[in-house]
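Overview (structure and organization)
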Amino acid sequence: MPLESAGQFSGNMVVSMRPIPASQVTKAVQVTSRVPSVHGAPIQIGHPEEIGITHLDSPDFGDAVTIKEGEIPVFWACGVTPQAVVMNTMPHLAITHAPGHMLVTDLANRELII
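Analysis parameters
Residues numbered from 1 in each chain as written. Predicted model: local features only at pLDDT ≥ 70, side-chain atom pairs only at ≥ 80, totals over all residues. Heavy atoms only, no water. Helix = DSSP H or I, 4+ residues; strand = E, 2+ residues; numbered from the N terminus. Contact = heavy atoms within 4.5 Å. Areas by Shrake-Rupley, 256 points an atom, 1.4 Å probe, with all protein chains shown as cover. Lys, Arg positive; Asp, Glu negative; His and termini not counted. Charge placed at Lys NZ, Arg CZ, Asp CG, Glu CD. Pairing = 2+ DSSP bridges. Axes fitted to C-alpha atoms, helices over the stretch in contact; angles between N-to-C directions. Buried < 20%, exposed > 50% of the residue type's maximum accessible area, 1.4 Å probe, protein only. Polar contact = N/O pair within 3.5 Å; in protein donor to acceptor, adjacent residues only side chain to side chain.

When you go through the protein chain residue by residue, the secondary structure sums to three helices and three strands. Reading the helices (α) and strands (β) of the protein chain from amino to carboxyl end gives β-α-β-β-α-α. When its C-alpha atoms are laid out on the principal axes, the protein chain stretches across 45 × 35 × 25 Å. The long-range fraction of contacts in the protein chain, counting pairs at least 24 apart against all pairs at least 6 apart in sequence, stands at 72%. Carbon and sulfur atoms form 56% of the exposed surface of the protein chain, whose accessible area is close to 8,200 Å². Each charge class in the protein chain can be summarised by its mean position, and for the 5 positive and 10 negative side chains these summaries are 15 Å apart.

Printed below as a string of structure tokens:
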């Protein structure tokens, strides 16, 4: 999904997908929507084609995830989005994190929950 450009920076949103048992999707939305500063609520539930994903078995980043019977694919905005924007924009210098090596801060979880 195209992002709104910010100056020279432009690109597409990267998402993380997790298969969630259908009975737990509502709870996953409730829990994650309380932390909008840390991914927040899902951006899409159950219909990857609505966000431009046509093949769940061949992701642009990371490994494919198996979706078992009774599970629904749930998609969250991903912290790899800045890397995708950097690769698209090619600035002279960029400091960011790598997949699997996340940014660490001194913020407590309680400061992130609304």
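In space, the three strands of this open sheet follow the order β1-β3-β2, with antiparallel pairing throughout. Only two strands of the sheet have a single neighbouring strand rather than two, namely β1 (15–21) and β2 (44–45). Pairing of β2 with strand β3 (residues 71–77) involves two bridges; the strand directions are antiparallel. By the bridge assignment for β3, glutamine 44 is matched with phenylalanine 75. Sitting on the sheet, helix α1 (residues 25–33) is in contact with β1, β2 and β3, with an inclination near 15° to β3.

Residue placement: tryptophan 76 occurs in strand β3. For tryptophan 76, a relative accessible area of 10% gives the class buried. Sequence-wise, tryptophan 76 and isoleucine 43 are 33 residues apart; in three dimensions their C-alpha atoms are separated by 5.5 Å. Among residues more than four places away in sequence, those in contact with tryptophan 76 are Val14, Val15, Ser16, Arg18, Ile20, Ala28, Thr32, His39, Gly40, Ala41, Pro42 and Ile43. One polar contact links tryptophan 76 to threonine 32, side chain to side chain, over a distance of 3.3 Å.

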